[in-house]
Amino acid sequence: MQEDSLALPNGTRLAEFEIIGRIGEGGFSIVYLAMDHSLQRTVAMKEYMPSSLAVRSGRSQVQPRSQRHQDTFETGLRSFVNEARLLAQFDHPALVKVFRFWEINGTAYTVMPYYQGPTLKEAVQSGRVPRSEEWLISLLSPLTEALMVIHAAQCYHRDIAPDNILLLDGSSKPLILDFGAARRVIGDMTQALTVILKPGYAPVEQYAEVPGMRQGPWTDVYALAAVVYWVV
């Protein structure tokens, strides 16, 4: 673990989960590999930790860096919890499954299966996929079905891109990653457009502040079409 990391140390116990190691650390959350001692299985555990807004106090407590960060931190926290609550309602093989989520230590945690495999971006760039028409159709079918599921619940991903699609080890079936609700709402509040947009995949309505130019299912459809264009 890097010295400047905000991650919890290995061996930390949160409810029935014990942290084994760190899988990834971004600007808005940290993902750990953990052991579920209740069900005796390894899982992935995601902690809300916006590094620009929060600090670690003591061994595990998370708190805003200052009073001026308080509102943005708490808004992001609510979005993190709401995202977990929403994902827990869905049951589709191309969507991340949420086992559990809860709030503790001034922050929140989401427990998910430990998914392994390359991202679509990594797989294409390394030549590990055929990129044939047949393969592309087999990739698109579950992705479009998954988008239909979330869109029916008035939920939009808004960040479909090659690095947010995982190809699962063993089956190469696609899995949509990183709904990133907390990341987006913090970006909206801080005007950090570079944080919430992926040039080349974000449609015009994600850039524009024109009345009537709304985001919706079409926003994700555009991004998925851009992914297909990039693969081809």
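Structure's up top.
Residues numbered from 1 in each chain as written. Predicted model: local features only at pLDDT ≥ 70, side-chain atom pairs only at ≥ 80, totals over all residues. Heavy atoms only, no water.

## Section: the pattern of salt bridges
Charged atoms that come close allow side chains of opposite charge to pair.
Then, number 1: Taken as a whole, this structure holds 7 salt bridges when the rule is applied.
Then, number 2: Here Lys198 ties to Asp163 by a salt bridge, and the two come within 3.8 Å at their closest N and O atoms. Taken together, the residues span a long stretch of sequence, with Lys198 in the loop between α5 (193-196) and α6 (217-231) and Asp163 in the loop between α3 (133-152) and β9 (165-167) at a distance of 35 residues.
Then, number 3: Residues joined in a network through salt bridges with shared partners are Asp159, Asp163 and Lys198. (Salt bridge = Lys/Arg side-chain N within 4 Å of Asp/Glu carboxyl O. Helix = DSSP H or I, 4+ residues; strand = E, 2+ residues; numbered from the N terminus.)

## Focus: the nonpolar core
Then, number 1: Judged by nonpolar contacts, the single largest core of 29 residues is most densely connected at Leu120, Trp135, Ile160 and Ile176.
Then, number 2: Those elements that place two or more of their residues in this core are α2 (120-125), α3, β9 and α6.
Then, number 3: Ranked by size, the runner-up nonpolar core spans 23 residues in total, among them Leu8, Leu14, Tyr109 and Val111. (Core = buried A, V, L, I, M, F, W, Y, C linked by side-chain atoms within 4.5 Å. Buried < 20%, exposed > 50% of the residue type's maximum accessible area, 1.4 Å probe, protein only.)

## Some remarks on α3
Then, number 1: In a regular helix each residue adds 1.5 Å, so 20 residues correspond to 28 Å; α3 covers 28 Å between its end C-alpha atoms and thus fits that length.
Then, number 2: By the burial criterion, the buried members of α3 are Trp135, Leu136, Leu139, Pro142, Leu143, Ala146, Leu147, Ile150 and His151.
Then, number 3: On the buried face of α3, the contacting elements are α2, β9, β10 (174-176) and α6.
Then, number 4: A positive backbone phi angle near 60 degrees is found at Gln154, which sits one or two residues after α3. (Expected span 1.5 Å × (residues − 1). Contact = heavy atoms within 4.5 Å.)

## Remarks on empty space enclosed by the protein
One simple way to see leftover space: roll a probe sized like a water molecule over the atoms.
Then, number 1: Summed over the entire model, instances satisfying the criterion amount to 1 cavity of 30 Å³ or more.
Then, number 2: Every residue along the wall of the largest cavity is listed here: Arg158, Asp159, Ile160, Lys198, Tyr201, Ala202, Gln206 and Ala223.
Then, number 3: The residue inventory of the lining of the largest cavity, partitioned by class, reads 4 nonpolar, 1 polar and 3 charged. (1 Å grid on protein atoms, 1.4 Å probe; cavity = no way out; pocket = protein on both sides within 12 Å on 5 of 7 lines; lining within 4 Å. Points joined across faces, edges and corners; volume = space filled by probe spheres on them. Nonpolar A, V, L, I, M, F, W, Y, C, P; charged D, E, K, R; others polar.)

## Observations concerning the pairing of strand β8 (residues 107-113)
Then, number 1: With 7 of 7 residues buried, β8 lies mostly within the body of the structure.
Then, number 2: Relative to β8, strand β4 (residues 41-48) runs antiparallel, the two being bridged by 5 bridges. Within the sheet, the bridge partner assigned to Glu47 lies in β8 and is Tyr109.
Then, number 3: With 5 bridges connecting them, strand β7 (residues 100-104) and β8 associate as antiparallel partners. For Ile104, the partnering residue across the bridge sits in β8 and is Thr107.
Then, number 4: Joining the antiparallel neighbours β7 and β8 is a turn of 2 residues, in which Asn105 adopts a positive phi near 60 degrees. (Pairing = 2+ DSSP bridges.)

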